[in-house]
Amino acid sequence: MNNSRPVVLDRDPRLRLGLCCIFRDQPIKFASTTATAIGRMTRADGLAKLSRLCQSNAETLMAALQFCARNGIGCFRITSQILPLKSHPVLGYALNDLPQGAEIVARFQACGAFATSSGLRTCFHPDQFVVLNSPRPDVVDASVRELEYQAEVAEWVAADVVNVHGGGAYGDKPKALGDFARNLQRLSPRARRVLTVENDDKSYSPLDLLPLCRNEGLPLVYDVHHHRCLPDGLTVDEATEQAVATWDREPLFHVSSPIEGWNGPKPQRHHDFIDRNDFPDAWLGRRLTVEVEAKAKEVAVLALRAALEISL
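No experiment lies behind these values; they were computed from the predicted model shown. Each chain has its residues counted from 1, running along the sequence as written. Local features are withheld for residues below a pLDDT of 70 in this predicted model, meaning they are given only at 70 or higher, and side-chain atom pairs are given and counted only at 80 or more; totals for whole chains, interfaces and linings count all residues. Only hydrogens and water are set aside; all other atoms, that is, all heavy atoms of the structure, feed into the side-chain values.

Caption draft 1: Geometry of the overall build of the protein. A helix here means a DSSP run of H or I that spans at least four residues, while a strand means a run of E at least two residues long, and both kinds are numbered starting from the N terminus. Scanning the protein from terminus to terminus reveals 10 helices and 8 strands. Whereas a compact globule of 312 residues would reach a radius of gyration of roughly 20 Å, the protein reaches 19 Å, a difference of no more than 12%. Here the C-alpha coordinates of the protein stretch approximately 55 × 50 × 35 Å along the principal axes. Within the protein, buried positions represent 56% of all 312 residues. With the radius of gyration taken over C-alpha atoms, the globule rule is written as 2.2 Å times the number of residues to the power 0.38. Partly exposed residues are those whose accessible area sits between 20% and 50% of the maximum for their type, while under 20% is buried and over 50% is exposed, using a 1.4 Å probe and protein chains only.

Pasting the structure below:
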């Protein structure tokens, strides 16, 4: 794939749409492995294989960013396993443990330079096991390791968001949010700079999280689908305004549509595509990144772009 400059198709360049992690139709695939597979190897052989996978993923990330740039997709969410098993409690590693570790870092830094020069945004969204307010110390320890790893890679690739959910309520929402705030103190300044928090569809609505965001200086990633599943008295327009106010950089939000409609049995489940009516009018005309959480991936992003161009 070539390094041609991005095609800017939006009539309003302030709004950018984001692609999440993988592709549906494009032959762009990230490599992975399992702890079981690596655990069967000697440490040296395991590190050699992990080194090859990391190098391959750096090349794949460049291909993903080039696709986004060519097709006017303004943001790419990087898979949490871009460095496979990096934060594993037994099999984890530092980059200087890997053969060609310095070269791997340089390749990811090249991805960051390309993203910056192409006007692309990159971000991370750690897996569900990252729970900063868990009552289990081992879960919190694992969460901190994962966030530090992703913050390290974020620095290489010029990502400005590592986004987490609020975690569980554990029968006492104020205490759980207090635990979340206290465990933030365990993070390095590098991790704190990029950390954001997102409302979910079961425990924490925007109204629940906004005080935490204001008190701790955490931007709120407003997920409008989750908010519609877990309403809290704020309108979409009100939640949008209050979420935007928590950001010291371009806000990043999420949009998705229910696979069986809003009156279906499980509106939390995501559709392959985005219904244009589910995209808030309050988001149009803003300098804003909207990640498209849809199963059709790049096809869904491009379809939404086409639909929004009618009204932009």
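Caption draft 2: Structural context of the pattern of salt bridges. Salt bridges, as used here, are contacts in which a Lys or Arg side-chain nitrogen is within 4 Å of a carboxyl oxygen on Asp or Glu. This model, assessed by the stated rule, comprises 21 salt bridges. A salt bridge links Glu155 to Arg190; the nearest nitrogen and oxygen atoms lie 3.1 Å apart. Of the two residues, Glu155 sits in helix H4 (residues 137-157) while Arg190 sits in helix H6 (residues 189-194), which places them 35 residues apart along the sequence. A relative accessible area of 28% means that Arg190 is categorised as partly exposed. What emerges from the salt-bridge pattern is a single network uniting Arg16, Arg121, Asp160, Asp248, Arg249 and Glu250.

Caption draft 3: A look at the pairing of strand S3 (residues 121-124). Here S3 shows two buried faces, one formed by Arg121 and Cys123 and the other by Thr122 and Phe124. Strand pairing is assigned whenever DSSP detects at least two bridges linking the two strands. One ladder, built from 4 bridges, connects strand S2 (residues 75-78) with S3; its direction is parallel. Looking at S3, one finds that Cys75 is bridged to Arg121. In terms of handedness, the path from S2 via helix H3 (residues 101-118) over to S3 forms a crossover that is right-handed. Convention used here: a crossover is right-handed provided that the path from the first strand, over the helix, to the second strand proceeds clockwise when the strands point away from the viewer.

Caption draft 4: Geometry of H4. Expected span of a helix: the number of residues minus one, times 1.5 Å. The end-to-end C-alpha separation of H4 is 30 Å, in line with the 30 Å expected for 21 residues at 1.5 Å each. Most of H4 is tucked away: 16 of the 21 residues are buried. The first or second residue beyond H4 is Ala158, which carries a positive phi of 65°.

Caption draft 5: Representation of the confidence of the model for the protein. On a range of 0 to 100, pLDDT expresses the predictor's confidence in each residue. Overall, the predicted model of the protein reaches an average pLDDT of 93, with 95% of residues at or above 70. Across residues 1-12, confidence stays below pLDDT 50; counting only partners more than four residues off in sequence or on other chains, it has 29 contacts. Whether two residues are in contact is decided by their heavy atoms, any of which lying within 4.5 Å being enough.

Caption draft 6: A look at the packing of helix H5 (residues 173-183) against helix H7 (residues 206-216). Angles run from 0 to 180 degrees between N-to-C directions of axes, and those axes are lines fitted to C-alpha atoms, restricted for helices to the stretch in contact. Packing of H5 against H7 brings their axes to within 11 Å, and their N-to-C directions diverge by 30°. The orientation of H5 with respect to H7, classified from their angle, is roughly parallel. In the crossing of H5 with H7, the sense of the turn from one axis to the other is right-handed. Contacts between H5 and H7 involve Lys173, Leu177, Phe180 and Ala181 from the former and Asp208, Leu209, Leu212 and Glu216 from the latter. To sort the angles, those under 35 degrees are grouped as roughly parallel, those over 145 as roughly antiparallel, those from 65 to 115 as roughly perpendicular, and the leftovers as oblique. Working rule for handedness: look at the near helix, and if it is turned counterclockwise from the far one by less than a right angle, call the crossing left-handed; if clockwise, right-handed.

Caption draft 7: Structural view of the nonpolar core. With 95 residues, the main nonpolar core has Leu61, Phe76, Ile82, Leu83, Val157 and Trp283 as its most contacted residues. For this core, the leading source of residues is helix H2 (residues 43-70), giving 11 residues. For Phe76, the contacting residues outside a window of four places in its chain are Leu19, Cys21, Phe23, Phe30, Leu61, Ala64, Leu65, Cys68, Arg121, Thr122 and Cys123. Residues belong to one nonpolar core when they are buried, are Ala, Val, Leu, Ile, Met, Phe, Trp, Tyr or Cys, and are joined through side-chain atoms within 4.5 Å.

Caption draft 8: Examining the packing of aromatic side chains more closely. Note on aromatic pairs: the rings of Phe, Tyr and Trp (six-membered ring only in Trp) are paired at centre separations within 6.5 Å, and the planes decide the class, stacked below 30 degrees, edge-to-face beyond 60, tilted for the rest. Summed over the entire model, instances satisfying the criterion amount to 8 aromatic pairs. Ring geometry for Phe108 against Trp156: centres 5.9 Å apart, planes inclined by 35°, an arrangement best described as tilted. Separated by 48 residues along the polypeptide, Phe108 in helix H3 and Trp156 in helix H4 bring together distant segments of the chain. By relative accessible area, Trp156 is classed as buried at 10%. Centroid distance Phe279 to Trp283: 5.5 Å. Interplanar angle 80°. Geometry classified as edge-to-face. Note on Trp283: relative accessible area 0%, which makes it buried. Among the aromatic residues, those joined into a ring-pair cluster are Phe23, Phe30, Phe67 and Phe76. The cationic tip of Lys86 hangs over the ring face of Tyr93; the distance from NZ or CZ to the ring centre is 5.9 Å. Counting as a charge over the ring demands two things of the Lys NZ or Arg CZ atom: a distance within 6 Å of the ring centre and an angle within 35 degrees of the ring normal.

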